[in-house]
Amino acid sequence: MPPSVGDMSTEITAKHWTENTPGYDEERRGYQLLDPHQPVHIVGATSPQDVQQAVRYAREHHSKVAVKASGHGHVTPLDGGVLITTSRLDQVTVDSDNKIARVEAGATWQQVIEAAAPHGLAPLSGSFPGVTAVPYTLGSGLGLMARRYGFAADHVRRIEVVTPDGELRNAEDDPELFWALRGGGGNFGVVTAMEIDLFPVPTLYGGSLYYDLTATPGVLEAWREWTATVPDEVTSAVGMLPFPDIQPIPAELRGKYVAQVQVSIVPHGEDDGPELLRPLRDKLGEPLMDTVTRLPFMESGQIFAEPDRPDAFRSRNILLSELDEQALATIPRLAGPDAPTMCVVGIRHLGGALARKPAIDNAVGHRDAQYSLTVLSPGEDDVHDLHRAILAPWSEYVVGRSLNFSLGPLTEDEVRDAFEPADYNRLTALRARYDPTNLLLPNHRI
Ligand SMILES: Cc1cc2nc3c(=O)[nH]c(=O)nc-3n(C[C@H](O)[C@H](O)[C@H](O)COP(=O)(O)OP(=O)(O)OC[C@H]3O[C@@H](n4cnc5c(N)ncnc54)[C@H](O)[C@@H]3O)c2cc1C
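What you are looking at is a predicted structure, and each value in this text was computed from that prediction instead of being measured.

The rules behind each value
- Residues numbered from 1 in each chain as written.
- Predicted model: local features only at pLDDT ≥ 70, side-chain atom pairs only at ≥ 80, totals over all residues.
- Helix = DSSP H or I, 4+ residues; strand = E, 2+ residues; numbered from the N terminus.
- Rg over C-alpha atoms; globule rule 2.2 N^0.38 Å.
- Contact = placed C-beta atoms within 7 Å.
- Domains from an automatic or database assignment.
- Nonpolar A, V, L, I, M, F, W, Y, C, P; charged D, E, K, R; others polar.
- Core = buried A, V, L, I, M, F, W, Y, C linked by C-beta atoms within 7 Å.
- Buried ≥ 20, exposed ≤ 12 C-beta atoms within 10 Å, placed from the backbone.
- Expected span 1.5 Å × (residues − 1).
- Near = placed C-beta within 6 Å.
- Bend = angle between axes of the 7 residues up to and from the residue.
- Pairing = 2+ DSSP bridges.
- Axes fitted to C-alpha atoms, helices over the stretch in contact; angles between N-to-C directions.
- Parallel < 35°, antiparallel > 145°, perpendicular 65-115°, else oblique.
- Left-handed = near helix turned anticlockwise from the far one by under 90°.

(A) Geometry of the overall build of the protein chain. Along the protein chain, the regular secondary structure elements total 12 helices and 18 strands. For 446 residues, the compact-globule estimate of 2.2 N^0.38 gives 22 Å, and the C-alpha radius of gyration of the protein chain, at 22 Å, lies within 12% of that figure. Taking the principal axes of its C-alpha atoms as reference, the protein chain extends roughly 65 × 50 × 45 Å. Across the protein chain, contacts joining residues at least 24 apart in sequence account for 74% of those joining residues at least 6 apart.

Here's what the structure looks like:
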C-alpha cells in the first residue's frame, strides 16, 4: 500500500477517489491495460481550477502528479501520489471563420472531428479517432494528412497549462514553454486546453488495400517504390499482421499473414485520388480486400480500421533515413506468423510537410526521417528482446524515434534519441526550470 498523502476532501472541490472509493479502479484504468496507475488520490478534473487544486495539493504533500486522458499512451505507472484524469474536461469549440478549434485536455479526436465537420473542416488527427487530441499533439502528432500539413504540434496557436508551481498560464506568452510543450510531451505542466488549426478537408480518398503476403511477397517493395513517387497530398503506411483464424475477422483475411496498405489522400477533385493510387494497384493486382473510397472525414477511422477495445500491448519505434530493401525483407521472417509472440509491424511514410520547419519553431525532432517503423505486440509477454531483434537489421538507417509510437518503457538515452541533441539539452534545462522538484511523472521523462 503506497503512503497516504493526507485527506483531500477539505482542499479539493472536484470529484475524487481513493483506493476504497467505488469507481477507483475504472477511473485509474484506460485503453492500455498493462501496469495501471496506483495513485493514493485520483482527481477527476472538470476545470483548469480543479487541475490547479490537484497540482497544489500534490506540491504541498510532497507527492507526484501524473495525468491520464484516455490511456492509449500509458507506459509509466504512478505509485502513490495524485492522478489527474481529464476525460470530463472535454469541450470542443470551433471558430469556423478563423479555422481554429479550442480543444480541452480530455477531448478525443472523434469529438474534434465531429465539431469541425459541419463547417467542412478537419483536424490533423491520426489513425485512431479514440485517441485524445491534446497528448497526441504534445507528443508531435503524426496524422492522416501528415505529409500535406505537417505534425499536429506544428499547428498549435495557444496552450493553457497549469505548470508545476500551480499557476495557470498561457504558454504562448512564454516562448520557451510554448516551444517545449509542442513536441516535448507531458514534461512541463498539465495542459488544460489548446487552440489548434483546422483544414478545409471535408472528404478524403482513403482506406486499406489488403494483400496476402505469402501470395504477394512484393507488396512492401512495391509500396516503397510508390512512396518515392507520390506528392505531399498522399500520406500512407503499411501494416503487416498475422490475422488469427477466428470469427470476427473478415473471411478474406482469416488465418493469413496480411500486408494492409493504408492510404489517405487529400483530394483536389473527383479523379486525382484514384489516379494517384493507380500505379500501386496496377503493380499489385487484385487485393484480398479493398476499402479505399472517397469518404467523409467523419469516417476517417475506417482507413486504418484499428480495434476499438482496451488491450494490453507494448511497442517500440524507430525513425529511418530510408527503407533498405534487405532490411525490409527480414520483416516476414522475424515478425511474421512464426514469431514467438504476435507482432504487428507498421511503417509510415514521412517527408513532405513533416520535413519543413513550422511557422513557430517547436521541439519536434528528426524532421529528416523518411519512414517511421513500429513493432507492436498485444498481450502481456515480455517482448523487449524480441522487438529489439526485429529492429536490429535497421540499425544503420536509424535517425531517432517517435515517443508517440513508443508504447513501452524507454531508458533515458532512448528518450534522448527522440530529439535533436541541442533540443534535448534545451528541454532538460527547461524541465529543471519549470519542474525543479520533479513533481510531474510524465510518460517519457526528459
Ligand atoms: C490505437 C492507437 C493509435 C494511435 N495512433 C497514433 C497516430 O496516428 N499518430 C500519433 O502521433 N500517435 C498515435 N498514437 C499514440 C498516441 O498519440 C499517444 O499514445 C498519446 O499520448 C495518447 O494519448 P491518450 O490520451 O490516448 O493517452 P494517455 O495515456 O492518457 O496519456 C499519455 C501521456 O500523455 C501525457 N498527458 C496526457 N494528458 C496530458 C495533459 N493534459 N497535459 C500534459 N500531459 C498530458 C501524460 O504524460 C500521459 O502519461 C496511437 C496510439 C494508439 C494506442
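(B) The domain arrangement of the protein chain, seen in detail. When its domains are assigned, the protein chain resolves into domain 1 (15-85), domain 2 (92-200 + 420-434) and domain 3 (203-409). Placing the centre of domain 1 and that of domain 3 at their C-alpha centroids yields a distance of 33 Å. Residue composition of the side of domain 1 that touches domain 3, grouped by class: four nonpolar, two polar and no charged.

(C) How the structure looks around the nonpolar core. Counting 130 residues, the largest nonpolar core has Ala54, Ile84 and Leu181 as the members making the most contacts within it. Apart from the residues within four sequence positions on either side, Ile84 is in contact with Val43, Ala45, Val51, Ala54, Val65, Val67 and Val190.

(D) Main features of helix H2 (residues 48-60). Under the 1.5 Å per step criterion, the end-to-end length of H2 is 18 Å for 13 residues, consistent within 8% with the ideal 18 Å. Buried residues of H2: Asp50, Val51, Gln53, Ala54, Val55, Tyr57 and Ala58, and no others. Where H2 is buried, its residues meet strand E2 (41-44), strand E3 (65-68), strand E4 (82-85), strand E7 (156-162) and strand E9 (190-197). After H2 finishes, the residue His62 shows a positive phi value of roughly 50°.

(E) A look at the site of the ligand. Near the ligand there are 31 residues, and of these Ala69, Gly73, Gly126, Thr132 and Gly186 occur at the shortest range. At the level of elements, E3, helix H4 (133-138) and E9 are the ones that each hand at least two residues to the shell around the ligand. For the shell around the ligand, the per-class residue count stands at 13 nonpolar, 16 polar and two charged. Per-domain counts for the shell around the ligand show at least three residues from each of domain 1 (15-85) and domain 2 (92-200 + 420-434).

(F) Geometry of helix H8 (residues 272-284). Taking 1.5 Å of rise per residue, 13 residues should cover 18 Å, and H8 covers 19 Å from first to last C-alpha, within 8% of that figure. Considering bend angle alone, the principal kink of H8 is centred on Arg278 and spans about 45°; proline Pro279 follows within four residues of it. Buried residues of H8: Gly273, Leu276, Leu277 and Leu280, and no others. In this structure, the buried residues of H8 make contact with strand E10 (203-212), helix H7 (219-227), strand E11 (234-242), strand E12 (257-265) and strand E14 (293-296).

(G) Representation of the sheet that holds strand E8 (residues 168-170) in the model. Ordered in space as E5-E6-E9-E7-E8, the five strands form an open sheet in which the pairing is antiparallel. Lying at the two open borders of the sheet, with one neighbouring strand each, are strand E5 (92-95) and E8. Put simply, the sheet's adjacent strands are angled 15° from each other on average, direction ignored. One ladder, built from five bridges, connects strand E6 (residues 100-104) with E9; its direction is antiparallel. Counterpart to Val103 in the pairing with E9 is Met194.

(H) Expanded view of the pairing of strand E15 (residues 313-320). Across the eight residues that make up E15, a large majority, seven, are buried. Alignment of E15 against strand E18 (residues 398-400), held across two bridges, turns out to be antiparallel. Bridging across to E18, Leu320 finds its partner in Val398.

(I) Fine view of the packing of helix H6 (residues 175-184) against helix H12 (residues 421-434). The contact between H6 and H12 brings their axes to 11 Å, and the two run at 115°. Taken as axis vectors, H6 and H12 run roughly perpendicular relative to one another. The element H6 and its partner H12 pack so that their crossing is left-handed. Between H6 and H12, the contacting residues are Glu176, Leu177, Ala180 and Gly184 on the first element and Leu427, Leu430 and Tyr434 on the second. Residue composition of the contact of H6 with H12, by class: five nonpolar, one polar and one charged.

(J) Geometry of the sheet that holds E4. Across the sheet, which stays open at both edges, the four strands sit in the order E1-E2-E4-E3 with mixed pairing between neighbours. Strand pairing shows two members of the sheet lacking a second neighbour, strand E1 (15-17) and E3, which therefore form its edges. On average, each strand axis in the sheet is tilted by 25° relative to the strand beside it, whichever way the strands run. Relative to E2, E1 runs antiparallel, the two sharing three bridges. Pairing of Lys15 across the sheet is with Gly44, part of E2. Each of E2, E3 and E4 touches H2; the most contacted strand, E4, lies at about 170° to it.

(K) Molecular detail of unusual backbone geometry. In the Ramachandran plot, Lys99 falls in the positive-phi region, its phi being about 55° despite a non-glycine side chain. Looking at where Lys99 falls in the secondary structure, it is placed in the loop between E5 and E6.

(L) Inspection of the environment of Val51 at higher detail. Secondary-structure assignment places Val51 in helix H2. Not counting chain neighbours up to four residues away, the residues in contact with Val51 comprise Ala45, Ile84, Val162, Val190 and Thr192.

(M) Examining the pairing of E5 more closely. Bridge analysis of E5 against E6 gives four bridges, and the strand direction is antiparallel. Note on E6: the bridge partner recorded for Val92 is Val103. In this antiparallel pair of consecutive strands, E5 and E6, the connection spans four residues, and Lys99 shows a positive phi of 55°.

(N) Expanded view of the environment of Pro287. Relative to the assigned elements, Pro287 resides in the loop between H8 and strand E13 (289-290). A residue is classified by how many C-beta atoms lie within 10 Å of it, and Pro287, with 21 of them, is buried. With near-sequence residues (within four places) excluded, Pro287 lies in contact with Leu209, Tyr210 and Tyr211.

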